[in-house]
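Given next are the chains, with one letter for each unit.
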Amino acid sequence: MTFNEWGLILTLAALAFGIRVLGLAAGNRVQQSRFAPLLGHLPGLIVISLVATSLANQPSQTWVAAAIALGIAALTNNVIWTMVAGVAAYAVLSHAALL
């Protein structure tokens, strides 16, 4: 390999290491900030925002199925049962709308 190829490999390795160190330092700084208590809620907030935007222009059976799934999620705290109930509710409501 030529000197230029070795230089490129070493430069990319140094940059990759630098990005990881910078991410570690930034993560530690964020965990020590006043926003640290919010980090535990962030995944749930992201899921809620994604679901809310996907429900924006949907028909009523989609909203009812989402409400049923939300109820199952609140009662069972189980992702699998929530997905099964949501899909089943949507299937039943969509089939009933076709009749």
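Undergrad: If you had to explain the overall build of the protein chain to someone new, which residues and values would you point to?
TA: Summing up its helical and strand segments, the protein chain has 5 helices and 0 strands in all. Overall, the protein chain shows an N-to-C arrangement of helices and strands of α-α-α-α-α. In terms of principal-axis extent, the alpha carbons of the protein chain reach across some 75 × 40 × 25 Å. In the protein chain, which comprises 99 residues, the proportion classed as buried is 9%. Within the structure as shown, the protein chain displays about 8,300 Å² of accessible surface, and the carbon and sulfur contribution to it stands at 74%.

Undergrad: Any chance you could break down the layout of surface pockets for me, citing the residues and the numbers?
TA: Any empty space left between the atoms is revealed when a probe the size of a water molecule rolls over them. In this structure, the largest pocket spans a volume of roughly 620 Å³. Contributing to the lining of the largest pocket are 19 residues, with Val47, Val51, Ala69, Leu70 and Thr82 lying nearest its centre. Residue assignment for the lining of the largest pocket shows that the elements contributing at least two residues are helix H3 (42-54), helix H4 (60-76) and helix H5 (79-98). The element contributing the most residues to the lining of the largest pocket is H4, with 6 residues. Taken together, the residues of the lining of the largest pocket sort by class into 12 nonpolar, 7 polar and no charged.

Undergrad: With reference to specific residues and values, describe the confidence of the model for the protein chain.
TA: Atom-level detail of predicted coordinates should not be read off regions where pLDDT is low. Per-residue confidence for the protein chain gives a mean pLDDT of 91, with 99% of residues at or over 70. Helix H2 (residues 36-39) is the least confidently modelled element of the protein chain, averaging 82 in pLDDT, while H4 averages 94, the highest of any element.

Undergrad: Hey, could you go over a nonpolar patch on the surface for me, with residue numbers and the actual values?
TA: On the surface, a cluster of nonpolar side chains totalling about 640 Å² of accessible area is made up of Val30, Leu39, Leu42, Leu45, Ile46, Ile48 and Leu50. Top element by residues in the nonpolar patch is H3. It accounts for 5 residues. Turning to its location among the elements, Leu42 is positioned in helix H3.

Undergrad: Mind laying out unusual backbone geometry, listing which residues take part and the relevant values?
TA: At Asn77, a position not held by glycine, the phi torsion is positive, near 55°. Following the sequence through the fold, Asn77 ends up in the loop between H4 and H5.

Undergrad: Give me H4: which residues, what numbers.
TA: Here H4 contains 17 residues, and its C-alpha end-to-end distance of 24 Å stays within 8% of the 24 Å for a straight helix at 1.5 Å per residue. All buried positions along H4 are accounted for by Thr62, Ala65 and Ala69. The arc that holds every buried residue of H4, seen down its axis, measures 65°, which confines them to one face. Facing away from the buried side of H4, by more than 90 degrees, are the exposed residues Ser60, Leu70, Ala74 and Leu75.

Undergrad: Would you mind going over the environment of Val30 in detail, with residue names and values included?
TA: Along the chain, Val30 falls in helix H1 (residues 3-31). Not counting residues within four places of it along the chain, the set of residues in contact with Val30 comprises Ala36 and Leu39.

What counts and how
- Residues numbered from 1 in each chain as written.
- Predicted model: local features only at pLDDT ≥ 70, side-chain atom pairs only at ≥ 80, totals over all residues.
- Heavy atoms only, no water.
- Helix = DSSP H or I, 4+ residues; strand = E, 2+ residues; numbered from the N terminus.
- Buried < 20%, exposed > 50% of the residue type's maximum accessible area, 1.4 Å probe, protein only.
- Areas by Shrake-Rupley, 256 points an atom, 1.4 Å probe, with all protein chains shown as cover.
- 1 Å grid on protein atoms, 1.4 Å probe; cavity = no way out; pocket = protein on both sides within 12 Å on 5 of 7 lines; lining within 4 Å.
- Points joined across faces, edges and corners; volume = space filled by probe spheres on them.
- Nonpolar A, V, L, I, M, F, W, Y, C, P; charged D, E, K, R; others polar.
- pLDDT = per-residue confidence, 0-100.
- Patch = residues over 30% accessible without salt bridge, like charges linked within 9 Å, V, L, I, M, F, W, Y side chains within 5 Å.
- Salt bridge = Lys/Arg side-chain N within 4 Å of Asp/Glu carboxyl O.
- Expected span 1.5 Å × (residues − 1).
- Arc of directions from axis to C-beta.
- Contact = heavy atoms within 4.5 Å.

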